[in-house]
Amino acid sequence: MKHYDVIVIGGGHAGTEAAHAAARMGAETALVTLRADAIGVMSCNPAIGGLGKGHLVREIDAMDGVMGQLADAAGIQFRLLNRRKGPAVQGPRAQADRKLYREAAQRVTAAQPNLTVIEGEVTDLKVAGGRVSGVALADGSEITCGAAILTSGTFLNGVIHIGDQKSSGGRIGDKPSIALAERLKALDLPLGRLKTGTPPRLDGKTIDWSRLETQPGDEDPVMFSFLNTAPAVRQIACGITHTNEKTHEIIRTNLDRSAMYGGHIQGVGPRYCPSIEDKIVRFAEKGSHQIFLEPEGLDDDTVYPNGISTSLPADVQEDYVHSIVGLEKAKILQPGYAIEYDFVDPRALDLSLQLRAFPGLYLAGQINGTTGYEEAAAQGLVAGLNAALSVQEREPFHFSRTSSYIGVMIDDLVSRGVTEPYRMFTSRAEFRLSLRADNADQRLTGMGIDIGCVGEGRRSAFEAKMEALEAGRALMEATVLTPKEARDKGFRVNQDGTRRSVFELLSFPDISLESLCLALPELTAIPGEIANQLAIDALYANYVERQQQDAASLKRDEGWEIPEAFDYSALNGLSNELKAKLDRARPRTLGQASRIDGVTPAALTLILAKLRQAR
Ligand code: FAD
């Protein structure tokens, strides 16, 4: 019987990242998946990153993971979201060519030492001495292991809904995983049901692009990987259109035929990623919703209409799609659908994503109640590293909330659980001013080198960058101006007798790096990339310190009472979703509020400020 240190079950985004992480750590790893040619498949939107999610991809990359590299290889439109806001909340996003993404995932997987792909269905988990010891496959074979990572995504007892039609499936075109779902039930794991949905796919040749607005990518595309500087392939633009009153009327009239509103679905769906029928019910006052028409590839006419996911019957999908400008004659290549699947309450896991009741068995991805490729991959990384560490009899590696979005997500999942599919937002991270996408390598790569998951190429690039940052910072700190010198060079600073270094001057919002370089040419000795990074670090240096103090004092403030009539809707800076949640829960104290799922320390700070004002 073949033995591996680590077996990863499922070759989706969590499984791929988990398998690579374990193999990079030197563990002999097998990736067992239903279809080897489906490694790297994107089940839903052909895009990686976005707000909060882009941070996760950067952090995966900082640990030498694969998702950032794959997205860069396949990216056909790169956009830095929130470009006009501060770097802390900017999120890199790329629309990907589906085929190129899949090919890149299969290429890097084939090239990864210590990693073997096995095509097959895992039907049973073997347990010996209270610890997972191997897996059984549908063909009757067995493989033994030191640790296993289960990443079965939406496949456990998956049911696909299109209107009142339902069928078993892991996603369209794939069979579900039933035997394994039954096995998990028998293990007495805390299981629940969630749902998600996807829009119809359109034939781009039948769209009237001439009537549509277009959205190009950024002129200076920002890559995901710290090792890449430019896109690998040709870049394209997306189209933009909108739903209208007629679209809404068609959907309203047929609401009871949707799987969701017709009562066919029990699982809870992602509220922040609503279906078009949800949008029309929940935001009844809105006469129109934006739709991005995203080409799925450079040599593929399929178009993904981002914003109209649905569980309505196929004939209603035809009608409402044809009511939209530019889509009057659009041919639907594949109808939209909703999928319901089993998930495991992540409170059964520890911070390594290991099941507390079953040592050696790790869970990662959608099975833990999350949604999204990036959330899945980030969990895969955590589980992969820790499974390898456990078979090597080494201490687990825990990502902390204070140093990564990955740490925020894992802590949220295992301590608060989920009431709906969990996705990352920047607002979940209380230390978001220091957890920026731009500095993920500074935060994490050193730790990755220490535990042994970072390859030689990245290690030397990182060390060279850190040396350059140190030298650049030393020069910026050694270059000091008196208030008068600063004023004479055209910088507005208080004439208070305080001498300020260039690094300090960079924290002034109206003093730019460019203007300092013009006034002090010696600064041009710092390479451009490095100087830009230092300018961002300087901009946040003061805030970061203040934020850490805020977090410490918040701990002391848990006993504050919240009046019964407290008006959450008046809190600027709180998402509508959180306002609604707090309004429903009506916590009595700040401490109670802090334990509500999704309530971040940043939100608590806002509530506290309001309570203090009211005193
Ligand atoms: P998956 O990518 O689902 O991969 C699971 C893998 O496990 C597959 O390779 C499968 O073959 C394998 N597998 C399963 N069972 C077995 C077994 N017994 N033996 C061997 N292999 C097995 N995300 C969003 O962010 N927004 C959305 O709007 C959104 N909509 C979605 C709509 C649909 C219809 C679907 C299907 C997914 C949607 N997603 C969405 C979710 C996104 O696809 C997932 O979050 C992501 O793919 C999860 O990654 P994963 O690795 O956990 O699972």
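Within each chain, residues carry numbers counting from 1 in the order of the written sequence. This being a predicted model, a pLDDT of at least 70 is required before a residue's local features are given, and a value of 80 or more before pairs of side-chain atoms are given or counted; all residues contribute to the totals for chains, interfaces and linings.

Asks: Could you give an account of the overall build of the protein, with specific residues and numbers?
Replies: Regarding its fold elements, the protein presents 19 helices and 22 strands. Along the longest, intermediate and shortest principal axes, the C-alpha atoms of the protein span 75 × 60 × 55 Å. Our exposure labels follow a C-beta count within 10 Å of each residue's own C-beta, placed from the backbone: buried means 20 or more other C-beta atoms, exposed means 12 or fewer, and partly exposed covers the counts in between. Per-residue burial over the protein gives 48% buried out of 615 residues. Counting from the N terminus, the helices are the DSSP runs of H or I reaching at least four residues and the strands are the DSSP runs of E reaching at least two.

Asks: Describe the site of the ligand, and please don't skip the residues or the numbers.
Replies: Residues in close proximity to the ligand total 37 residues, the closest being G10, G12, G153, G365 and G372. Secondary-structure elements contributing two or more residues to the shell around the ligand are helix 1 (13–24), strand 2 (29–33), strand 12 (191–198) and helix 9 (373–391). Ten residue types, Ala, Val, Leu, Ile, Met, Phe, Trp, Tyr, Cys and Pro, are classed as nonpolar, four, Asp, Glu, Lys and Arg, as charged, and the remainder, Gly among them, as polar. For the shell around the ligand, the residue count by class is 13 nonpolar, 21 polar and three charged. Using a C-beta atom placed from the backbone, a residue is described as near a molecule or strand when that atom lies within 6 Å of it.

Asks: How would you summarise helix 17 (residues 576–585) if you had to cite specific residues and measurements?
Replies: Residues of helix 17 that are buried: L578, K581 and L582. Angularly, the buried residues of helix 17 cover 95 degrees about the axis, an arc narrow enough to put them on a single face. Opposite the buried face of helix 17, at more than 90 degrees from it, the exposed residues are N576, D583 and R584. Residues are defined as contacting one another if the C-beta atoms placed from their backbone atoms lie within 7 Å. Residues of helix 17 that are buried make contact with helix 18 (590–594) and helix 19 (601–614). At the exit of helix 17 stands R586, carrying a positive phi of roughly 45 degrees. Working definition: the arc comes from the directions between the helix axis and the C-beta atoms, pointing outward to the latter.

Asks: Can you lay out the packing of helix 2 (residues 53–62) against helix 3 (residues 67–74) for me, pointing to particular residues and giving the numbers?
Replies: All axes are obtained by fitting lines to C-alpha atoms, using only the stretch in contact for helices, and the reported angles, taken between N-to-C directions, cover 0 to 180 degrees. At a minimum axis separation of 7 Å, helix 2 and helix 3 run at an interaxial angle of 115 degrees. On the basis of their axis angle, the class for helix 2 and helix 3 is roughly perpendicular. Together, V57, R58, I60 and D61 of helix 2 and M67, G68 and A71 of helix 3 make up the contact between the two elements. Convention used here: angles under 35 degrees read as roughly parallel, angles over 145 as roughly antiparallel, angles from 65 to 115 as roughly perpendicular, and any remaining angle as oblique.

Asks: Outline the packing of helix 1 against helix 9, supporting the account with residue identities and numerical values.
Replies: For the pair helix 1 and helix 9, interaxial distance at closest approach is 7 Å and the crossing angle is 30 degrees. By the angle class used here, helix 1 and helix 9 are roughly parallel. Seen along the crossing, helix 1 lies across helix 9 with a hand that is right-handed. Mapping the contact onto sequence places H13, A14, G15, T16, E17, A18, A19, H20, A21 and A22 in helix 1 and Y373, A376, A377, Q379, G380, L381, A383, G384, L385, A387 and A388 in helix 9. Its residues placed into classes, the contact of helix 1 with helix 9 shows 13 nonpolar, seven polar and one charged. By the definition used in this description, the sense in which the near helix is turned from the far one sets the handedness, with an anticlockwise turn below a right angle giving left-handed and a clockwise turn giving right-handed.

Asks: Now, about the sheet that holds strand 17 (residues 300–306): what can you tell me, with residues and values included?
Replies: One requirement defines pairing of two strands: DSSP has to find at least two bridges between them. Ordered by their spatial adjacency, six strands build an open sheet running 14-15-16-17-13-18, and the pairing between neighbours is antiparallel. The open sheet has two edge strands with one neighbour each: strand 14 (213–215) and strand 18 (332–334). Strand-to-strand twist of the sheet, defined as the mean angle between neighbouring strand axes without regard to direction, takes the value 40 degrees. Strand direction decides the pairing type here: strand 14 and strand 15 (residues 238–242), joined by three bridges, are antiparallel. Each bridged residue has a counterpart across the sheet, and for T214 the counterpart in strand 15 is G239.

Asks: So what's going on with the nonpolar core? Residues and values would help.
Replies: Put simply, a nonpolar core is a cluster of buried Ala, Val, Leu, Ile, Met, Phe, Trp, Tyr and Cys residues tied together by C-beta atoms within 7 Å. Judged by nonpolar contacts, the single largest core of 111 residues is most densely connected at V6, I7, A22, A148, I149, A364 and V382. Ranked by residue count, the leading element in this core is helix 9, at twelve residues. Not counting chain neighbours up to four residues away, the residues in contact with V382 comprise S352, L353, A364, F399, I406 and I410. Judged by nonpolar contacts, the second largest core, of 19 residues, contains I291, V303, V316 and I324.

Asks: Residues and numbers for the pairing of strand 19 (residues 337–344), please.
Replies: For strand 19, the tally of buried residues reaches eight of eight residues, placing the bulk of the element in the interior. Residue alternation in strand 19 divides its side chains into two sets, Y337, I339, Y341 and F343 and A338, E340, D342 and V344, and both sets are buried. Where strand 10 (residues 159–162) and strand 19 come together, three bridges link them in antiparallel fashion. Residue pairing for strand 19: I160 is matched across the bridge by I339.

Asks: For the confidence of the model for the protein, give the residues involved together with the corresponding values.
Replies: A score between 0 and 100, pLDDT records how confident the predictor is in each residue. Considering every residue of the protein, the mean pLDDT works out to 93; 99% of them sit at 70 or more. Taken over the whole predicted complex, pTM reads 0.90, whereas the ipTM for its chain interfaces reads 0.96.

Asks: An account of helix 10 (residues 405–416) is needed here, citing residue identities and associated values.
Replies: Residue count minus one, scaled by 1.5 Å, sets the expected span of a helix. For helix 10, spanning twelve residues, the distance from its first C-alpha to its last is 16 Å, which sits close to the expected 16 Å at 1.5 Å a residue. All buried positions along helix 10 are accounted for by Y405, I406, G407, V408, M409, I410, D412 and L413. Contacts from the buried residues of helix 10 go to helix 2 and helix 9. Downstream of helix 10 by a residue or two, G417 has a phi angle that is positive, lying close to 70 degrees.

Asks: Mind laying out the sheet that holds strand 4 (residues 75–81), listing which residues take part and the relevant values?
Replies: Taken in spatial order, the three strands line up as 3-5-4 in an open sheet, and their pairing is antiparallel. Each edge of the open sheet is held by one strand with a lone partner, namely strand 3 (47–49) and strand 4. Mean inter-strand twist for the sheet, computed between neighbouring axes without regard to direction, equals 20 degrees. Its contacts with the sheet put helix 2 on strand 3 and strand 5 (91–96), and the angle it makes with strand 5 is roughly 85 degrees.

Asks: Now, about the pairing of strand 5: what can you tell me, with residues and values included?
Replies: The element strand 5 is largely enclosed, with a buried count of six among its six residues. Judged by which residues are buried, strand 5 turns out to be covered on both faces: G91, R93 and Q95 on one side and P92, A94 and A96 on the other are all buried. Where strand 3 and strand 5 come together, three bridges link them in antiparallel fashion. Its bridge partner lying in strand 5, A47 is registered against Q95.

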